[in-house]
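Geometric and topological summary
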Amino acid sequence: MYTGYWADAWLTPNRAVERDERRRVSSHLILVSLYFAAAAGAAIIVAFVILNAATTTTCLRPPIRREWRSLGKDEKEEYISAAKCLYNVSSQVVSEGSVQDDFAWIHIRYSGAAHEDASFLPWHRMFVHIYEQKLRDHCGLVGQLPYWDWSRDWQNLTTSSIWDDTDGFGSPGTGESSGISGPFSDVHVRYRDNGTISPHRLARSFLNYDSGEIGSMSGELIKPEIMGRLARAGDYDTFRYLIEGTLHNVVHLEVVGDLDELTAPNGMFRKLHVRRCNADGVITDPIFWLHHVQLDRLWWQWQQEDQTRVWEYYGEHEKQTSRRASLQDELSFGDLISRNILVEQVMDTQSSMLCYRY
């Protein structure tokens, strides 16, 4: 039997008309079927997109926090301008002082909740995030918070360009209570250690924790071997203990003045590993923020090594030592923000609330 063209040649005129009609109807049905199939497919796609949007984060393109020395001249100037501005914005927590002083006061008030237990890393992650938001809201910051990777300077911390008067945060004075030069030389702060009200000019100097020599710093506790030990930490509790007790404390210990007191967003720690981190202090030295963004970056890097680490959180609970810490624990920041934050809300930097990466 013939098929195709040759079959058509044997058709009578009437049958040819019937054939053409059948083809026309068949083609119409095919087009209609394709139309409805496409419409159904589009509906499925739309439904999928809507469902997916409802179940995924809104942080689609997280901005990247970068090392201070990788910023351009304009970016550095913008950040320093915003950081200085916050010293001149009236306090929103107490009756006097500045918003920068507010951070110092909260750091003192919640020192017990923020140090020497599991909450150290998430508490400070959120604390730094709040600071970034204040810079944006009050001082027009457009860029991201930078960090100081002091591990690059471990062989001679005192010569780091971070202390440059024009390209950094100013060089220190010669004594613990000495002022600094550079862009923050005219800054005055309200608090000293433990919340004592004592308005003074921002102070900074160097003190070698090992030798006691003024004007120098030791990088032994942030050298590559220590950084490698941190990266190899097998669990959150070990990682938190090492990063807080060693890397965090040593920088506060050696940059004295308003960074080594508990006003360390004025200053902080006198003894490394010897006594409890006396963190009721203030935090008014701008280096505090670059130091803590660096610590947050190291935690972020450790989390990225294994995605299960993003939610890994346990250790001692700051208020109830008889129970272990939980992702449902609350982090308190007083009147800096209007609500408490759950630990689980700050474990992932690419959440809709935080939305950043390194």
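Note that this is a predicted model, so its numbers are computed, not measured.

A few points about the pairing of strand β2 (residues 197-201)
Regular strands place side chains that alternate from one sheet face to the opposite one. For strand β1 (residues 188-191) and β2, the ladder comprises 3 bridges, and the chain directions are antiparallel. When the bridges of β2 are listed, H188 appears paired with R201. A loop of 5 residues connects β1 with β2, the two strands running antiparallel in sequence, and N194 in this loop sits at a positive phi of about 65°.

A short note on the packing of helix α7 (residues 224-231) against helix α8 (residues 236-254)
Contact geometry for α7 and α8: axes closest at 9 Å, N-to-C directions at 155°. Taken together, α7 and α8 sit at an angle that is classed as roughly antiparallel. Contact residues: α7 offers I226, M227, R229 and L230, while α8 offers F239, L242, I243, T246 and L247. A per-class count over the contact of α7 with α8 returns 7 nonpolar, 1 polar and 1 charged.

Looking at α7
Within α7, the full set of buried residues consists of I226, M227, G228 and L230. The inward-facing, buried residues of α7 contact α8 and α9 (287-304).

Notes on the side chain of N249
Mapped onto the elements of the fold, N249 is located in helix α8. At 2.8 Å, the side chain of N249 forms a polar contact with the side chain of H248.

Considering the environment of D329
Position of D329 among the secondary structure elements: in the loop between α9 and β5 (330-331). The class for D329 is buried, based on a relative accessible area of 9%. In sequence terms D329 and H317 are 12 residues apart; their C-alpha atoms lie 8.7 Å from each other. In this view, D329 contacts Y313, H317, R323, I341, L342 and V343; residues no more than four positions away in its chain are not counted. At 2.7 Å, the side chain of D329 forms a polar contact with the backbone nitrogen of S326.

Structural notes on the state of the cysteines
One pass over the full model with this rule turns up 2 disulfides. Covalent S-S linkage joins C59 and C355, the inter-sulfur distance amounting to 2.2 Å. One quick way to see it: the torsion about the S-S bond of C59 and C355 is about 85°, and its sign makes the bridge right-handed. Placement of the pair is C59 in the loop between α2 (13-55) and α3 (73-85) and C355 in the segment after β6 (341-342), with a sequence separation of 296 residues. Overall, C59 belongs to the buried group, its relative accessible area being 6%. Shown here is the disulfide that connects C85 with C139, its sulfur atoms set 2.1 Å apart. Disulfide C85-C139: torsion about the S-S bond near -80°, hence left-handed. Of this pair, C85 sits in helix α3 while C139 sits in helix α6 (residues 120-139); the two residues are 54 residues apart in sequence, bridging distant segments of the chain.

Some words on the packing of aromatic side chains
Any aromatic ring pair is given by two values, namely how distant the centres are and how the planes are angled relative to each other. Summed over the entire model, instances satisfying the criterion amount to 23 aromatic pairs. Ring centres 6.2 Å apart and planes at 65° place the aromatic pair Y87 and F184 in the edge-to-face group. With Y87 in the loop between α3 and α4 (99-109) and F184 in the loop between α6 and β1, this residue pair connects regions lying 97 residues apart in the sequence. Comparing Y87 with F184 shows no difference in burial state: the two are buried.

Procedures and definitions
- Residues numbered from 1 in each chain as written.
- Predicted model: local features only at pLDDT ≥ 70, side-chain atom pairs only at ≥ 80, totals over all residues.
- Heavy atoms only, no water.
- Pairing = 2+ DSSP bridges.
- Helix = DSSP H or I, 4+ residues; strand = E, 2+ residues; numbered from the N terminus.
- Axes fitted to C-alpha atoms, helices over the stretch in contact; angles between N-to-C directions.
- Parallel < 35°, antiparallel > 145°, perpendicular 65-115°, else oblique.
- Contact = heavy atoms within 4.5 Å.
- Nonpolar A, V, L, I, M, F, W, Y, C, P; charged D, E, K, R; others polar.
- Buried < 20%, exposed > 50% of the residue type's maximum accessible area, 1.4 Å probe, protein only.
- Polar contact = N/O pair within 3.5 Å; in protein donor to acceptor, adjacent residues only side chain to side chain.
- Disulfide = S-S within 2.5 Å.
- Phe/Tyr/Trp six-rings, centres within 6.5 Å; stacked < 30°, edge-to-face > 60°.

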